[in-house]
Amino acid sequence: MIKFFRKIRQRLITENQFRKYLLYAIGEIVLVVIGILIALQINTWNQKRIAKEDERKILANLKSEFQQNRKELSGAIAMNEKCMETGRFIMGLIGNDIEKIREIDTDSLLFQGFEYAQFNPSENALADLLQSGRLNLISDEYLKSLLYQWTRAKKGAEDQFSGLDDKIEDDLVPYLTLNYPLRDVDSYGRLAWKEKSKLDNDKTLIFRDMQYENLLDDFLYRLSGYTIELKRMDIIFKAVVAEIEKLEKNIQ
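Every value quoted in this text rests on a predicted model; they were computed, and no experiment measured them.

Draft legend 1. Examining the overall build of the chain more closely. Secondary structure summary: the chain contains eight helices and zero strands in total. Reading the chain from its N end, one meets helices and strands in the order α-α-α-α-α-α-α-α. Per-residue burial for the chain yields a buried fraction of 35% across its 252 residues. Long-range pairs, those at least 24 residues apart, make up 81% of the contacts in the chain with a sequence separation of at least 6. Surface summary for the chain: the accessible area is close to 16,200 Å², and the carbon and sulfur share equals 54%.

Laid out in structure tokens, this is it:
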């Protein structure tokens, strides 16, 4: 093809047909420009196709990760609400009739009162997206905003749990260590002791102690705060999954 055009140019120059040669040269330039524009258009289209496919894979991974995390989160919320319910029941016993308290299995109650859950989400897909700088492949600004909200909500929940966990380790457990037979409580847990503590103790004493009431109140306050943060995360989870499903339909 190149030889063909070269022969035409040579013939026109040889025959001294400058005007025709000039028109031919312009036409050749136009053809070259059109070829370049077509090539650029094809390249742009191909890049958009690749970007769209990358976005589709990113959305699929995020959706899978957030759906699994939401299942774990629902379990943690339910467990913490059950713990809150038990704690409120225990709080109702404090200062109550001693004989009534003796009729209740307080060992089981105290065990259930410690059965709270920490939510530890999987973040492989999201972390890879943020660290690699590929977040800009997501075309939807609202989804990107939700992902940033999720990151902030996760940090808020972690801070709440840290205060809750520290309070238990630093205050509530040491108090019960001195004032209640933990062996009896642990008989309902992993240790599953077959026999109760043989040491003399009066398990009703803590239900007449303002210090225990205050420690329990503080624990429930912190647990409530943590659970509220988890519920906020659940709202974001729901919004993220809904937005991804909407985008998946548009991409297809």
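Draft legend 2. A look at the environment of Ser-122. Locating Ser-122 in the fold gives a position in the loop between helix 4 (106–112) and helix 5 (124–131). With relative accessibility at 35%, the residue Ser-122 sits in the partly exposed group. The sequence separation of Ser-122 and Gln-68 amounts to 54 residues, and the corresponding C-alpha distance is 8.3 Å. Among residues more than four places away in sequence, those in contact with Ser-122 are Glu-65 and Asn-69.

Draft legend 3. A look at unusual backbone geometry. Despite not being glycine, Ala-192 shows a phi value in the positive range, around 50°. Along the chain, the position of Ala-192 falls in the loop between helix 7 (182–186) and helix 8 (210–251). Taking relative accessible area as the criterion, Ala-192 reaches 31% and is therefore assigned partly exposed.

Draft legend 4. Here's a closer look at helix 5. Among all positions of helix 5, only Ala-125, Leu-126 and Leu-129 are buried. Projection of helix 5 onto a plane perpendicular to its axis shows the buried side chains occupying an angular sector of 95°, all on one side. Pointing more than 90 degrees away from the buried face of helix 5 are the exposed residues Asn-124 and Gln-131.

Draft legend 5. Molecular detail of the nonpolar core. By size, the foremost hydrophobic cluster in this structure holds 56 residues, and its most contacted members are Leu-62, Leu-147, Tyr-212 and Phe-219. At the level of secondary structure, the elements contributing two or more residues to this core comprise helix 2 (18–93), helix 3 (98–102), helix 4, helix 5, helix 6 (141–179) and helix 8. Among the elements that make up this core, the one with the highest residue count is helix 8 (15 residues). When residues no more than four places from it in sequence are discounted, the contact partners of Leu-147 are Leu-62, Phe-66, Leu-126, Leu-129, Leu-135, Ile-138 and Val-240.

Draft legend 6. Focus on the pattern of salt bridges. Across all of its chains, the model carries 18 salt bridges by this definition. Here Lys-196 and Asp-107 are joined by a salt bridge, their closest N and O atoms 2.9 Å apart. In this pair, Lys-196 sits in the loop between helix 7 and helix 8 while Asp-107 sits in helix 4, placing the two residues 89 residues apart along the sequence. Given the relative accessible area of 36%, Lys-196 is considered partly exposed.

Draft legend 7. Representation of the environment of Ser-108 in the model. Looking at the secondary structure, you find Ser-108 in helix 4. Owing to a relative accessible area of 14%, Ser-108 belongs among the buried residues under this scheme. Sequence separation of Ser-108 and Asp-186 is 78 residues, and the distance between their C-alpha atoms is 8.8 Å.

Draft legend 8. Fine view of the packing of aromatic side chains. Counted by the stated rule, this structure contains nine aromatic pairs. For the ring pair Phe-66 and Trp-150, a centre distance of 5.7 Å and an interplane angle of 65° mean the geometry is edge-to-face. A residue pair is termed long-range when its members are at least 10 positions apart, and Phe-66 in helix 2 and Trp-150 in helix 6 qualify at 84 residues. Just as Phe-66 is buried, Trp-150 falls in that class too. When the ring of Phe-207 is compared with that of Tyr-212, the centres are 6.2 Å apart and the planes differ by 80°; the resulting orientation is edge-to-face.

Draft legend 9. The packing of helix 5 against helix 6, seen in detail. Across the interface, helix 5 lies against helix 6 with an axial gap of 12 Å and an inter-helix angle of 110°. By the angle between their directions, the pair helix 5 and helix 6 is classed as roughly perpendicular. Our pair here, helix 5 against helix 6, has a crossing hand that is left-handed. In contact with Leu-126, Leu-129 and Leu-130 of helix 5, helix 6 contributes Leu-147, Trp-150 and Thr-151. Its residues assigned to classes, the contact of helix 5 with helix 6 shows five nonpolar, one polar and no charged.

Draft legend 10. Spatial organisation of a nonpolar patch on the surface. On the surface, a cluster of nonpolar side chains totalling about 280 Å² of accessible area is made up of Ile-29, Val-33 and Leu-37. Among the residues examined, Val-33 registers a relative accessible area of 41% and is labelled partly exposed.

Reading the values: rules and limits
- Residues numbered from 1 in each chain as written.
- Predicted model: local features only at pLDDT ≥ 70, side-chain atom pairs only at ≥ 80, totals over all residues.
- Heavy atoms only, no water.
- Helix = DSSP H or I, 4+ residues; strand = E, 2+ residues; numbered from the N terminus.
- Buried < 20%, exposed > 50% of the residue type's maximum accessible area, 1.4 Å probe, protein only.
- Contact = heavy atoms within 4.5 Å.
- Areas by Shrake-Rupley, 256 points an atom, 1.4 Å probe, with all protein chains shown as cover.
- Arc of directions from axis to C-beta.
- Core = buried A, V, L, I, M, F, W, Y, C linked by side-chain atoms within 4.5 Å.
- Salt bridge = Lys/Arg side-chain N within 4 Å of Asp/Glu carboxyl O.
- Phe/Tyr/Trp six-rings, centres within 6.5 Å; stacked < 30°, edge-to-face > 60°.
- Axes fitted to C-alpha atoms, helices over the stretch in contact; angles between N-to-C directions.
- Parallel < 35°, antiparallel > 145°, perpendicular 65-115°, else oblique.
- Left-handed = near helix turned anticlockwise from the far one by under 90°.
- Nonpolar A, V, L, I, M, F, W, Y, C, P; charged D, E, K, R; others polar.
- Patch = residues over 30% accessible without salt bridge, like charges linked within 9 Å, V, L, I, M, F, W, Y side chains within 5 Å.

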